[in-house]
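A look at the structure
The chain contents come next:
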Protein chains: 2
Amino acid sequence: MQSRSHTARSSNRLVLGLDFGTLSVRALLVDAHTGAELATASSNYSHGVIDEKLPGSTRRLSPETALQHPGDYLESMTEVVRRVMRAAKAGPEDIRGIGTDFTSCTVLPTTTDGSPLCLAPRWRNNPHAWVKLWKHHSAQAEADDINTLGARRSELFCRSYGGRYSSEWFFSKLLETVRHAPAVYRAADRFIEAGDWIVWQLCGEERRCISAAGFKAMWLYPTRSKSTPAEWAYPSRTFFAALHPALANVVEDKLDAPLIHLGAKAGGLTPGMARRLGLRAGTPVSAGNIDAHVAVPACGVTTPGKLVMILGTSTCHLLLGEERREVEGMCGVVRDGVVNGLWGYEAGQAGVGDLFAWYMAHGIPASIAAEAKRAGTSVYQLLETRAAALRPGESGLLALDWWNGCRSVLMDSDLSGLLLGATLGTRPHEIYRALIEATAFGTRKIIEAFTSKGVAITELHACGGLAQRNPLLLQIYADVTGRPIRVAASEQTCALGAAMHGALAAGLHADMKAAARRMVRPSTQTYRPNPIYKRTYDRLYTEYSRLHDHFGRTADSPMKVLRQLRAEAFRSR
Amino acid sequence: MQSRSHTARSSNRLVLGLDFGTLSVRALLVDAHTGAELATASSNYSHGVIDEKLPGSTRRLSPETALQHPGDYLESMTEVVRRVMRAAKAGPEDIRGIGTDFTSCTVLPTTTDGSPLCLAPRWRNNPHAWVKLWKHHSAQAEADDINTLGARRSELFCRSYGGRYSSEWFFSKLLETVRHAPAVYRAADRFIEAGDWIVWQLCGEERRCISAAGFKAMWLYPTRSKSTPAEWAYPSRTFFAALHPALANVVEDKLDAPLIHLGAKAGGLTPGMARRLGLRAGTPVSAGNIDAHVAVPACGVTTPGKLVMILGTSTCHLLLGEERREVEGMCGVVRDGVVNGLWGYEAGQAGVGDLFAWYMAHGIPASIAAEAKRAGTSVYQLLETRAAALRPGESGLLALDWWNGCRSVLMDSDLSGLLLGATLGTRPHEIYRALIEATAFGTRKIIEAFTSKGVAITELHACGGLAQRNPLLLQIYADVTGRPIRVAASEQTCALGAAMHGALAAGLHADMKAAARRMVRPSTQTYRPNPIYKRTYDRLYTEYSRLHDHFGRTADSPMKVLRQLRAEAFRSR
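In this text the structure is predicted, and so the values were computed from the model without any measurement.

A few words on the overall build of chain A. A tally of helices and strands in chain A yields 21 helices and 22 strands. Taking 25 Å as the expected radius of gyration for a compact globule of 573 residues, we find that chain A reaches 23 Å, a close match to that expectation. Its C-alpha atoms give chain A principal-axis dimensions of about 65 × 60 × 55 Å. Per-residue burial over chain A gives 64% buried out of 573 residues. Across chain A, every contact between residues at least 6 apart in sequence was considered, and the portion connecting residues at least 24 apart equals 74%. Counting only carbon and sulfur atoms, one obtains 48% of the accessible surface of chain A, whose full area is about 19600 Å².

Laid out in structure tokens, this is it:
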């Protein structure tokens, strides 16, 4: 656990942001009037990502499985809340509101009282009883079937998801459970986003946020104007019954719960949870939200046309718009889904920080580590310096950034990574740069998907770990997209965004615009494109696009065949 | 320098084989009656491969440059000859003949007395004055022009080279010199294969072997039966003049010298060289030869239909045939070019051992080295064990083995490596296996190129470093090709083959068949294909072939564009 504190005190106007990421939870105590960040702490989940064996089991999990232990969320949360309270010397009465955000779509089955199914001895050996993490990627067949059926029936949800509902999302994961573990499906009283589950744990009420419902669970925007949330809806029984007979009543049986707006108060902290966290019972808790989404207001973005890139393990792209457009491969478009009063658009890249971390862990030779040591620097810094000295095109390399599948714009988890152009002279810093460039090209593809459909993008904003730590990446993104990029002032944008929602739930600000004016510091760092590099990148992007379409848009893509052969090899073991 | 010796003595019937490889020269003392290998030693060239800066210079060489220092050949040769003589306790009078083999096409410019131009102060800063090593790869534009002109004029040589004369070969390298360093071209009295140059150094006579002339320098097989070597010919003055005016008289001015058959005596050791090496003046020296080619008789292959794979830094495939056929991407077909009396076919893969060495040096993470250390094994052995435990298809990876360009069947140095199918779960042993598989698919492509044109292949033979040290590779080659593979008994096949040619030059055997009967021990190790794995590999090979054609057979291949952009980036520095 790491923690950091400021000396300033701002009694009685503090809000607590809890940011549940892929590997850890972070707490941030913020002054709701000034945005001053008083203390922060993070704690890694004990079980991390469960992708090889279930706890206590020796059986190897199938490839692409990514599960989590729900107990980790509570344990790590308790630790970080107590830590920031101590660090800021804050008392329970100082905390006016709590906001949370969570990775999504991360789903778990529970009993009626919210107890995770995987903690019951009967189910603990069944992978489907556990939390399926956003990057659990074994439900591509289910997503394909959902998309085929959806298209055949012209279901409205298809148009909200750029035509391709993802294998990462709620009903893909649920259908996988129905097919591969029907007993788990029957035994579960609820299937719920982990972000809604944590709110349920905090305030004892099952309240679901419209954001996760709309972006991940097919819940639909109104088709008539002035309709109220109560009139909006999930797809029909007929659709679900056609998808799988057991799913006919899935909404009524397993999901139905009050849907609430972002920043609304879901409830007050329960006495039990208040004791556990060392806070006051009844402290307002905001509606759950999605980690990347809360970063938008925390970047100071509350108006249309500003693309916010949350650069982390994966990258999320968020954009506000006055109108609803259908954009290829977008992850969703939801009215009031990011900031109330506007359409929220989401797109994303499934592997960014994860891709660089993979290369650092599995591709950097010992010789580079030794060189870095001799030079008194880190491996990362050595690579960064060497990669930064290259010109666009100089490595002769080009990559497709699909190590974790392709989210936008192709929305296909069966796609995989490609590295082209390697020679015997190729060196690690060149590969590293090619991987960064690949993610930049992927981002450009997303930008063009929006602008080609008339969704304006006038500014780029960046936040998240990579935005703070990786200047080369931001410069390459600026050069590849040809647009300046503003970096968020806060280093904890998600946790700050969660805290801003906590402030709204506590009634400390009238709306998100007002909260942003008070709580967000202006950006002080902007990366500007180099027009000469941009020209070379335009040519590399042409090649990227050819590879993208060749491998990503064809039904008989070698990537698909390889995935099939891998599955057969795994089954034949 | 390493050396090894046997205690047996076989006075007065010893022959010396000198195998000049890419990084070192190896000497082998062999009993010409029994094939017993009495002593061997190798010595690395002091300057190795010169690909970054010329000795004494700080100027960076352009990409794809690969040069050598001719002094290294003499220095290392002296060292190893003296070493094996001492190790075998042999006297000068014991050595009956000397045979050599050399990497090819490795070319240098010299004065009339054979002095390398690069050693003259005036020329030492010009890269084109140095030895251009076989893998010097910056003459693709020249090869393209040669092929275009050759095709337009329907030159006969085109048909000897599978339609594509390589950038690695004699006149591509020469044309590069003419274009980029015309003064070097004018100053050079001779341009000569290093393998012929070393023979010249040994016996003081400029004698050129028909093998290098035929396989690398467009020298043509007879078009009438019973023609004698004197009547065979290089292309016409008209052709060379059309290629470049300065080349009109290249044959008469820079090349013309007696061409002699393989195993023929080029001359006797000069007194000076005899003193230097500690041998007897006048000892017969055989005609020069190509490293891979001498391995054919050393595998016991002197008859048609047996494909010999010399698996080393690169792989050479050699095959004998009764007839001359035109096979796509073959490196050449020359009557008497490998074994007298038969047509010799050559094909090859430009990066094999080099590719694995690249991955070992630049792709294996420190964590694997640490694991290997903990397990008390080598990194190589750890990778090998883990890779061997995988089934075909299980890694989900597929590669194109073009890290050093593609020799057969596409004959294009501008092609480059490709790795497809990587995910965040991909691990180094999987990439390692995929690289081995890629070279196996490349070999299968070559086999099919021959058999589809009616050149029979009934057996596969393997020799060279990888054949001795890498059982996983041979098993994968057997599984991918569906054919058993016999491994040569000798660990020094090339040096043994060189020694066999020395024995012929000394008149110790009537012909190569007789030499092979006496000097080659039978194979004791055969790898047999697994039919189940073969079926999976058939499917992977289909995908390999699609990638092969998509990236290798299209004029606008992304690989070509990347190469172009890399050249531009380099020039803009």
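Turning to the sheet that holds strand S16 (residues 332-335) of chain B, a few remarks are in order. Residue and element names in this part refer to chain B. Taking strand neighbours across the sheet as the criterion, the seven strands line up as S16-S17-S15-S14-S20-S21-S22 in an open arrangement whose pairing is mixed. Taken across any chain shown, the strands that pair with only one partner, and hence form the sheet edges, are S16 and strand S22 (525-527). Across the sheet, the axes of successive neighbouring strands diverge by a mean angle of 25°, strand direction being ignored. With five bridges connecting them, strand S14 (residues 306-311) and strand S20 (residues 459-463) associate as parallel partners. Bridge pairing in S20 links Ile-310 to Cys-463. In the packing of helix H11 (residues 291-298) onto the sheet, contacts are made with S14, strand S15 (315-321), strand S17 (343-349) and S20, and the angle to S15 comes to roughly 55°.

All names here are of chain B. For Arg-324, the position within the fold is in the loop between S15 and S16. For the pair Arg-324 and Ala-438, spaced 114 residues apart in sequence, the C-alpha separation works out to 29 Å. A polar side-chain atom of Arg-324 sits 3.5 Å from the main-chain carbonyl oxygen of Arg-159.

Let us look at the side chain of Glu-37 of chain A. Here Glu-37 of chain A lies in strand S4 (residues 37-44). Polar contacts involving the side chain of Glu-37 of chain A include one to the side chain of Ser-490 of chain A, which spans 2.7 Å.

Let's shift gears to the interface of chain B and chain A. In this assembly, 59 residues from chain B lie in contact with 59 residues from chain A. A combined buried area of about 4800 Å² lies between chain B and chain A, and 58% of that area is made up of carbon and sulfur atoms. Summed over the three residues of chain B that lose the most area to chain A, namely His-362, Leu-424 and Leu-562 of chain B, the buried surface amounts to 14% of that side. Across the chain B-chain A interface, the total number found is six salt bridges. Put simply, Glu-394 of chain A and Arg-573 of chain B hold a salt bridge, and the shortest N to O gap is 2.8 Å. Put simply, chain B and chain A have 24 residue pairs in polar contact (both at pLDDT 80 or more) between them. With 10 residues, helix H21 (residues 558-571) of chain B is the single largest residue contributor to the side of chain B that touches chain A. A breakdown of the residues in the side of chain B that touches chain A according to their chemical character gives 29 nonpolar, 16 polar and 14 charged. Note: strand S19 (residues 417-422) of chain A against strand S19 (residues 417-422) of chain B, five bridges, orientation antiparallel. Along S19 of chain B, the bridge assignment pairs Ala-422 of chain A with Gly-417 of chain B.

When chain B is brought onto chain A, the operation consists of a screw motion whose angular component is 180° and whose axial shift is 0.1 Å, with 0.1 Å RMSD remaining. Taken together, these values place the two copies in the relation of a two-fold axis. Both copies share a contact surface, since 100% of the interface residues of chain B are interface residues in chain A too.

Core analysis: the largest hydrophobic core is formed by 146 residues, its most contacted members being Phe-450 and Phe-551 of chain A together with Phe-450 and Phe-551 of chain B. Beyond its immediate stretch of four places on either side in the chain, Phe-450 of chain B contacts Leu-319, Val-327, Met-330, Tyr-345, Ala-347, Val-455 and Ile-457 of chain B.

Another point: the packing of aromatic side chains. Residues and elements named next belong to chain A. Here the structure, examined in full by the defined rule, presents 47 aromatic pairs over all chains. A ring pair is formed by Phe-20 and Tyr-73, whose centres lie 6.3 Å apart and whose planes are at 90°; its orientation type is edge-to-face. Of this pair, Phe-20 sits in strand S2 (residues 14-20) while Tyr-73 sits in helix H1 (residues 70-87), placing them 53 residues apart in sequence. Assigned by exposure class, Phe-20 and Tyr-73 land together as buried. Relative to Phe-171, the ring of Phe-170 lies with its centre 5.2 Å away and its plane at 80°, an arrangement referred to as edge-to-face. Judged by relative accessible area, which is 2%, Phe-170 ranks as buried. The exposure class of Phe-171 is buried, given its relative accessible area of 1%. Following the ring pairs from residue to residue traces out a cluster consisting of Phe-157, Tyr-161, Tyr-165, Trp-169, Phe-170, Phe-171, Phe-239 and Phe-240. Positioned above the aromatic ring of Tyr-541 is the side chain of Arg-444, whose terminal nitrogen or guanidinium carbon lies 4.1 Å from the ring centre.

Along the chain, the position of Arg-60 of chain A falls in the loop between S4 and strand S5 (67-68). Between the C-alpha atoms of Arg-60 of chain A and Pro-245 of chain A, which are 185 residues apart in sequence, the distance is 30 Å. Setting aside anything within four residues of it in sequence, one finds Arg-60 of chain A in contact with Glu-52, Lys-53 and Phe-570 of chain A together with Glu-394 of chain B.

Bringing the pairing of S19 of chain A into the picture now. Note on strand geometry: in a regular strand, side chains alternate between the two faces of the sheet. Residue and element names in this part refer to chain A. With respect to burial, S19 is a largely interior element, six of its six residues being buried. The pairing of strand S18 (residues 398-400) with S19 spans three bridges and is antiparallel. If you follow Ala-399 over to S19, its bridge partner there is Leu-419.

Strand order in the open sheet made by the four strands is S18(A)-S19(A)-S19(B)-S18(B), with antiparallel pairing throughout. The two strands at the open ends of the sheet, each matched to only one other strand, are S18 of chain A together with strand S18 (398-400) of chain B. Here the average twist between neighbouring strands, direction ignored, is 10°. Against the sheet, helix H21 (residues 558-571) of chain A contacts S18 and S19 of chain A together with S18 and S19 of chain B, and its axis sits at roughly 55° relative to S19 of chain B.

Before going further, it helps to spend a moment on unusual backbone geometry. Geometrically, the link from Ser-408 of chain A to Val-409 of chain A is a cis peptide bond, its omega value of 5° lying close to zero. Residue placement: Val-409 of chain A occurs in the loop between S18 and S19. Note the cis peptide between Ser-104 of chain B and Cys-105 of chain B, where omega equals 5°. On the secondary structure map, Cys-105 of chain B appears in the loop between strand S6 (95-102) and strand S7 (107-110). The backbone phi angle of Met-218 of chain A is positive, close to 65°, even though this residue is not glycine. Even without being a glycine, Met-411 of chain B presents a positive backbone phi close to 55°.

Rules and cut-offs
- Residues numbered from 1 in each chain as written.
- Chains lettered and ligands numbered in written order.
- Predicted model: local features only at pLDDT ≥ 70, side-chain atom pairs only at ≥ 80, totals over all residues.
- Heavy atoms only, no water.
- Helix = DSSP H or I, 4+ residues; strand = E, 2+ residues; numbered from the N terminus.
- Rg over C-alpha atoms; globule rule 2.2 N^0.38 Å.
- Buried < 20%, exposed > 50% of the residue type's maximum accessible area, 1.4 Å probe, protein only.
- Contact = heavy atoms within 4.5 Å.
- Areas by Shrake-Rupley, 256 points an atom, 1.4 Å probe, with all protein chains shown as cover.
- Pairing = 2+ DSSP bridges.
- Axes fitted to C-alpha atoms, helices over the stretch in contact; angles between N-to-C directions.
- Polar contact = N/O pair within 3.5 Å; in protein donor to acceptor, adjacent residues only side chain to side chain.
- Buried area = accessible area lost by both parts, 1.4 Å probe.
- Salt bridge = Lys/Arg side-chain N within 4 Å of Asp/Glu carboxyl O.
- Nonpolar A, V, L, I, M, F, W, Y, C, P; charged D, E, K, R; others polar.
- Least-squares fit on C-alpha atoms with pLDDT ≥ 70 in both.
- Core = buried A, V, L, I, M, F, W, Y, C linked by side-chain atoms within 4.5 Å.
- Phe/Tyr/Trp six-rings, centres within 6.5 Å; stacked < 30°, edge-to-face > 60°.
- Lys NZ or Arg CZ within 6 Å of the ring centre and 35° of its normal.

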